[in-house]
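Per-entry structural report
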Amino acid sequence: ESTRGGAEVMSLDQGPGQMGGDEGNDLFVQKMLDAASFLVPGEPYSPVQIDREILIDLRPEEVYIVDMRKLSSFLPVRFFRSMIPEVAIAVCGACGHFFHQETWELEVLQN
């Protein structure tokens, strides 16, 4: 517990130096915060770009790979992170679009 701006605050996260296995997640969040600090209202959206080391440290179940090189060797492999891991997501291997897992399964079973 601590006091911040006259309000009592309880933090449930770990303190500095006690990151445990979430180091990659913390680095990703830091990159997001850095990008948000440069956000200018009215300017086009720019996705957060991370390096290989941060990508390797992320939990695999939160990372989705869209590989469209089968359509053109000039298209890059793209990696996306699920910001809401509680929501199950499916990626279509043909078009690279994202769908809710339940909707995807229902459509696959119906067709």
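Criteria and cut-off values
Residues numbered from 1 in each chain as written. Predicted model: local features only at pLDDT ≥ 70, side-chain atom pairs only at ≥ 80, totals over all residues. Heavy atoms only, no water. Helix = DSSP H or I, 4+ residues; strand = E, 2+ residues; numbered from the N terminus. Buried < 20%, exposed > 50% of the residue type's maximum accessible area, 1.4 Å probe, protein only. Contact = heavy atoms within 4.5 Å. Areas by Shrake-Rupley, 256 points an atom, 1.4 Å probe, with all protein chains shown as cover. 1 Å grid on protein atoms, 1.4 Å probe; cavity = no way out; pocket = protein on both sides within 12 Å on 5 of 7 lines; lining within 4 Å. Points joined across faces, edges and corners; volume = space filled by probe spheres on them. Nonpolar A, V, L, I, M, F, W, Y, C, P; charged D, E, K, R; others polar. Phe/Tyr/Trp six-rings, centres within 6.5 Å; stacked < 30°, edge-to-face > 60°. Salt bridge = Lys/Arg side-chain N within 4 Å of Asp/Glu carboxyl O. pLDDT = per-residue confidence, 0-100. Patch = residues over 30% accessible without salt bridge, like charges linked within 9 Å, V, L, I, M, F, W, Y side chains within 5 Å.

Let us now look at the overall build of the chain. Looking only at helices and strands, the chain has three helices and six strands in total. If you list the helices and strands of the chain from N to C, you get β-β-α-α-β-β-β-β-α. Counting all 111 residues of the chain, 13% fall into the buried class. Taking contacts inside the chain between residues at least 6 apart in sequence as the whole, the part at least 24 apart equals 28%. By element, 57% of the accessible surface of the chain is carried by carbon and sulfur atoms, the whole surface being about 9,300 Å².

The next point concerns the layout of surface pockets. As a volume, the largest pocket reaches approximately 840 Å³. The wall of the largest pocket is formed by 27 residues, among which Tyr45, Ser46, Pro47, Val48 and Gln49 lie closest to the centre. Elements with a contribution of two residues or more to the lining of the largest pocket: helix 1 (23-37), helix 2 (52-57) and strand 4 (77-81). Considered class by class, the residues forming the lining of the largest pocket number 19 nonpolar, two polar and six charged.

Summed over all chains, the structure comprises three aromatic pairs. Judged by centre distance (5.4 Å) and plane angle (25°), the ring pair of Phe99 and Trp104 falls under stacked. In this structure Phe99 comes out as partly exposed when scored by relative accessible area, which is 32%. Members of the aromatic cluster, connected to one another through ring pairs, are Tyr64, Phe80 and Phe98.

Quick look at the pattern of salt bridges now. A full pass over the atoms with the stated rule returns four salt bridges. Across the pair Glu61 and Arg59 runs a salt bridge whose closest N-O atoms are separated by 2.9 Å. Judged by its relative accessible area of 42%, Arg59 falls in the partly exposed class. Each of Arg59, Glu61, Glu62 and Arg81 takes part in one network of salt bridges that share partners.

Summarising the model, the chain shows a mean pLDDT of 80, and 77% of its residues fall at 70 or more. Every residue in residues 14-20 is under pLDDT 50, and counting partners more than four places away or in other chains gives three contacts.

Taken together, Met83, Ile84 and Val87 make up a surface patch of nonpolar side chains, about 250 Å² in accessible area. Secondary-structure assignment places Ile84 in the loop between strand 4 and strand 5 (89-91).

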